[in-house]
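Each chain, written out:
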Amino acid sequence: MSKTHVARRRFGQNFLCDPNIIQAIINVISPASDETIVEIGPGQGALTRPLLAAAGRLIALEIDRDLARDLTREFADADKFELHETDALKFNLVELGAQPLRVVGNLPYNISTPLLFHLLVARRIISDMTFMLQQEVVDRMVAVPGSKEYGRLSVMMQYHCHVERLMTVPPSAFRPKPKVMSSIVRLQPKPETGKLSVQKETQLAYIVKAAFSARRKTIRNNLRDVLSVEQIAQAGIDPGIRAEQLAVGEFIALLDQLPN
Ligand code: SAM
């Protein structure tokens, strides 16, 4: 591995350097020899090495050309290692032709939310995802209705996946140190949401986005272009409340008011 690599901020590079934390992450992932693991952003290989030792196949997606070159060199003899020098935001996991996939990574924090939404699209072929993320993002992913962290990310992630925070990691575990605390989160796609039609999926994304578009406004106001006051009431919901008070199931009740 090149000793001279200077961490690139534009790629959200904070490399794990604490062996205890690295081992703890591997323990929670618990890779097995019959599994295909996709690692997003392998970087300098801190997680890649122990993952590769245990997994049946490891597919790594790395955007940084220099790091991709170093990893390709280091693992040149490992048949079960495959590296794609690519932008994970544009990479379609379905094209790998393998499933089920376990997706893991210490994600670049600057693109974590769009990356999570991108991965949701491929959730039918994913058995689980374990990610290191900025703690504040995980707070939003696991938030409950009524809390200030509860929003679009909470509803969309919790609708599609079981979401669980596993551990919290301090800045000292990384080089360079990030300014924020980090958390490890596990997402397990719910099989039943894989059956939602593309149209319903689009409608759900639209309703949730619109409902939270102005947090202080009522859903009657925010959903004005999508649902009438009567339809909201028909779903058993008070049109005068705000989106942050709606449980995930209530968003589905609203969705049910729209034609298929
Ligand atoms: N896994 C390594 C570790 O734990 O030390 C590196 C983690 S670092 C936080 C994020 C990694 O993701 C970097 O290697 C970075 O180059 C890579 N990365 C950033 N943006 C990416 C993207 N759009 N697609 C793929 N990899 C990306």
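Below, the discussion takes up the environment of F91. Relative to the helices and strands, F91 is located in the loop between β4 (81-85) and β5 (101-106). For F91, a relative accessible area of 14% gives the class buried. Spatially, the C-alpha atoms of F91 and E244 are 33 Å apart, while their sequence positions differ by 153 residues. The residues contacting F91, other than those within four sequence positions of it, are L61, H84, T86, L96 and H118.

Bringing the domain arrangement of the chain into the picture now. Domain parsing of the chain yields domain 1 (9-192) and domain 2 (196-255). Taking the mean C-alpha position of each, domain 1 and domain 2 sit 31 Å from one another. Between domain 1 and domain 2, a total of about 1200 Å² is buried, with carbon and sulfur atoms accounting for 64% of that surface. Looking at the side of domain 1 facing domain 2, the largest losses of area belong to Y150, R152 and Y159, adding up to 43% of the total buried there. Taken together, domain 1 and domain 2 are joined by two salt bridges. Between R124 and E201 there is a salt bridge, and its shortest N-O distance comes to 3.4 Å. Of the residues that constitute the side of domain 1 that touches domain 2, the class distribution is five nonpolar, five polar and five charged.

To continue, consider the pairing of strand β9 (residues 182-189). Most of β9 is tucked away: seven of the eight residues are buried. Alignment of strand β6 (residues 126-134) against β9, held across six bridges, turns out to be antiparallel. Considered in β9, the bridge of M129 is made with L187. As defined by bridge partners, strand β7 (residues 161-169) adjoins β9 across eight bridges and the pair is classed as antiparallel. Bridging across to β9, V169 finds its partner in S182.

All right, on to the nonpolar core then. Judged by nonpolar contacts, the single largest core of 59 residues is most densely connected at L93, F131, L223 and F251. Residue contributions to this core reach at least three from each of two domains, namely domain 1 (9-192) and domain 2 (196-255). In this structure F251 touches Y150, V155, L204, I207, V208, A211, F212, A243 and L246, once residues within four positions along its chain are discounted. Core analysis: the second largest hydrophobic core is formed by 24 residues, I22, L51, L58 and A60 among them.

Turning our attention to the packing of helix α6 (residues 152-160) against helix α7 (residues 198-211). At a minimum axis separation of 9 Å, α6 and α7 run at an interaxial angle of 150°. It follows from the interaxial angle that α6 and α7 lie roughly antiparallel. Handedness of the α6/α7 crossing: right-handed. On α7, the residues touching R152, V155, M156, Y159 and H160 of α6 are E201, L204, A205, V208 and K209.

Further remarks concern the pattern of salt bridges. In total, this model carries 16 salt bridges according to the counting rule given. With a shortest N-O distance of 2.8 Å, R57 and E82 are connected by a salt bridge. Within this pair, whereas R57 is found in strand β3 (residues 57-62), its partner E82 is found in strand β4, the two being separated by 25 residues in sequence. Among the residues examined, R57 registers a relative accessible area of 26% and is labelled partly exposed.

A few words now on the sheet that holds β3. Ordered in space as β4-β3-β2-β5-β6-β9-β7, the seven strands form an open sheet in which the pairing is mixed. Two strands close off the open sheet at either side, each with one partner strand: β4 and β7. Strand after strand, the sheet turns through a mean of 20° between neighbouring axes, direction not considered. Strand contacts of helix α3 (residues 65-74): β3 and β4, with the helix running at about 160° to β4, the strand carrying the most contacts. Its contacts with the sheet place helix α4 (residues 112-121) against β2 (36-40), β6, β7 and β9, and it is angled at close to 175° to β6.

In this section: the site of the ligand. Taken together, 23 residues form the shell around the ligand, and within it L16, G41, E62, D87 and A88 come nearest. Within the backbone of G43, an N or O atom sits 3.3 Å from an oxygen atom of the ligand. Between a nitrogen atom of the ligand and a main-chain N or O atom of I63, the distance comes to 3.4 Å. With the chains in place, 98% of the 590 Å² that the ligand exposes on its own is no longer accessible. Comparing atom positions with the cavity grids shows the ligand to sit within the largest pocket. Where the shell around the ligand is concerned, the elements lending two or more residues are β1 (15-16) and β3. Considered class by class, the residues forming the shell around the ligand number 12 nonpolar, seven polar and four charged.

Parameters at a glance
- Residues numbered from 1 in each chain as written.
- Predicted model: local features only at pLDDT ≥ 70, side-chain atom pairs only at ≥ 80, totals over all residues.
- Heavy atoms only, no water.
- Helix = DSSP H or I, 4+ residues; strand = E, 2+ residues; numbered from the N terminus.
- Buried < 20%, exposed > 50% of the residue type's maximum accessible area, 1.4 Å probe, protein only.
- Contact = heavy atoms within 4.5 Å.
- Domains from an automatic or database assignment.
- Buried area = accessible area lost by both parts, 1.4 Å probe.
- Salt bridge = Lys/Arg side-chain N within 4 Å of Asp/Glu carboxyl O.
- Nonpolar A, V, L, I, M, F, W, Y, C, P; charged D, E, K, R; others polar.
- Pairing = 2+ DSSP bridges.
- Core = buried A, V, L, I, M, F, W, Y, C linked by side-chain atoms within 4.5 Å.
- Axes fitted to C-alpha atoms, helices over the stretch in contact; angles between N-to-C directions.
- Parallel < 35°, antiparallel > 145°, perpendicular 65-115°, else oblique.
- Left-handed = near helix turned anticlockwise from the far one by under 90°.
- Near = heavy atom within 4 Å.
- Polar contact = N/O pair within 3.5 Å; in protein donor to acceptor, adjacent residues only side chain to side chain.
- Areas by Shrake-Rupley, 256 points an atom, 1.4 Å probe, with all protein chains shown as cover.
- 1 Å grid on protein atoms, 1.4 Å probe; cavity = no way out; pocket = protein on both sides within 12 Å on 5 of 7 lines; lining within 4 Å.
- Sits in = over half its atoms within 2 Å of the grid points.

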